[in-house]
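Coordinate analysis (summary)
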Amino acid sequence: THLALAIVLIEMQKYDEALAQLDTVRALQPTSAVPLVQKARIHALQSHFDAALETLNAAHALDAGNIAVLLLRASVYQELDDNEKALADIDRVLQLKPGDPTAMRFRAILLAGSGKFDVAINQLEELKKVSPGDIEVMLQLAMFYAAENKPYKAIGHYSAVLEQDPDNMIAIRGLGDAYLSV
C-alpha cells in the first residue's frame, strides 16, 4: 500500500518520495489522520517544526483522540519551547490511556524542564512501581535526583542501572559525578 511504502521511504530518509506517497494516501482517505501524522513526522525530522505543527493540528481536527497525534504534537511543542501546550497534550494522552508509560515519562521530562523536579520525580517513582526494571526510568530518576542535590538517591538509581547494564555510559558518568558530590 502507499502508506506502507511511505513509512519505508521515511526510514530510508527519502522524504520527498514519502511525501508524494502520503499525498496519494491522503487523496484516497481524506478523513484519515494517519497520513498527516506521517507527514508531520517528516517535517519534524527535518526540523520544520512550524510545518509539523500545522499538519498535526489538521490531524487533530480529524481525530482529536489520536494518541500518536498528541504525542508527536507534544514533542513539537517541546522543540518550540512551549512546555505548557506540550503538557496539555500529554495530560490528554493520560486521560485517554491512563498510566501510559511513554506519556508518563514524557510528562516527567517536561515537568523537570519547567523546574518541577519534585513532581517529575513523583511521576517517575509511580512509573517505576509499574515497570520496576525499566532502565530509562531509573536513569531519569537518577538524573533528577542528582539535579535536586540528592546524591545518595542518584547513586542508588545509577547503581541499579549498572546492575542490569554494566556498560551504560550515562550511568557510569552519572555515578562518578554523584560520588564526587557527596
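For the structure itself, consult the block above.
Everything in this summary refers to the structure shown in the same document. (Residues numbered from 1 in each chain as written. Predicted model: local features only at pLDDT ≥ 70, side-chain atom pairs only at ≥ 80, totals over all residues. Heavy atoms only, no water.)

1. Considerations on the side chain of Q38
By the element assignment, Q38 lies in helix α3 (residues 34–45). Judged by relative accessible area, which is 13%, Q38 ranks as buried. Here the side chain of Q38 touches R41 through a polar contact of 3.0 Å, side chain to side chain. When sequence neighbours within four positions are dropped, the list of residues in contact with Q38 reads L3, I7, I10 and L22. (Helix = DSSP H or I, 4+ residues; strand = E, 2+ residues; numbered from the N terminus. Buried < 20%, exposed > 50% of the residue type's maximum accessible area, 1.4 Å probe, protein only. Polar contact = N/O pair within 3.5 Å; in protein donor to acceptor, adjacent residues only side chain to side chain. Contact = heavy atoms within 4.5 Å.)

2. Looking at the environment of P151
On the secondary structure map, P151 appears in helix α10 (residues 151–164). A sequence separation of 48 residues divides P151 from A103, and the C-alpha atoms of the two residues are 27 Å apart. Once residues lying within four places of it in the same chain are set aside, the contact partners of P151 are A178, S181 and V182.

3. Concerning the packing of aromatic side chains
Here the structure, examined in full by the defined rule, presents one aromatic pair. When the centroid spacing of 5.7 Å and the interplanar angle of 75 degrees are considered together, the rings of F117 and F144 count as edge-to-face. Of this pair, F117 sits in helix α8 (residues 117–130) while F144 sits in helix α9 (residues 135–147), and the two are 27 residues apart along the sequence. (Phe/Tyr/Trp six-rings, centres within 6.5 Å; stacked < 30°, edge-to-face > 60°.)

4. Quick word on the packing of α9 against α10
Their axes nearest at 8 Å, the elements α9 and α10 cross at an angle of 155 degrees. By the angle between their directions, the pair α9 and α10 is classed as roughly antiparallel. Between α9 and α10 lies a crossing of left-handed hand. In contact with I135, M138, L139, L141, A142, M143, Y145 and A146 of α9, α10 contributes K153, A154, H157, Y158, A160, V161 and Q164. (Axes fitted to C-alpha atoms, helices over the stretch in contact; angles between N-to-C directions. Parallel < 35°, antiparallel > 145°, perpendicular 65-115°, else oblique. Left-handed = near helix turned anticlockwise from the far one by under 90°.)

5. Quick word on the pattern of salt bridges
One pass over the full model with this rule turns up nine salt bridges. Put simply, R41 and E11 hold a salt bridge, and the shortest N to O gap is 2.4 Å. Placement of the pair is R41 in helix α3 and E11 in helix α1 (residues 2–11), with a sequence separation of 30 residues. What makes R41 partly exposed here is its relative accessible area of 26%. Given a relative accessible area of 54%, E11 falls into the exposed group. (Salt bridge = Lys/Arg side-chain N within 4 Å of Asp/Glu carboxyl O.)

6. Structural notes on α10
For α10, spanning 14 residues, the distance from its first C-alpha to its last is 20 Å, which sits close to the expected 20 Å at 1.5 Å a residue. Taken together, the buried positions of α10 are occupied by P151, A154, I155, H157, Y158, V161 and L162. Tucked into the core, α10 has its buried residues touching α8, α9 and α11 (169–180). (Expected span 1.5 Å × (residues − 1).)

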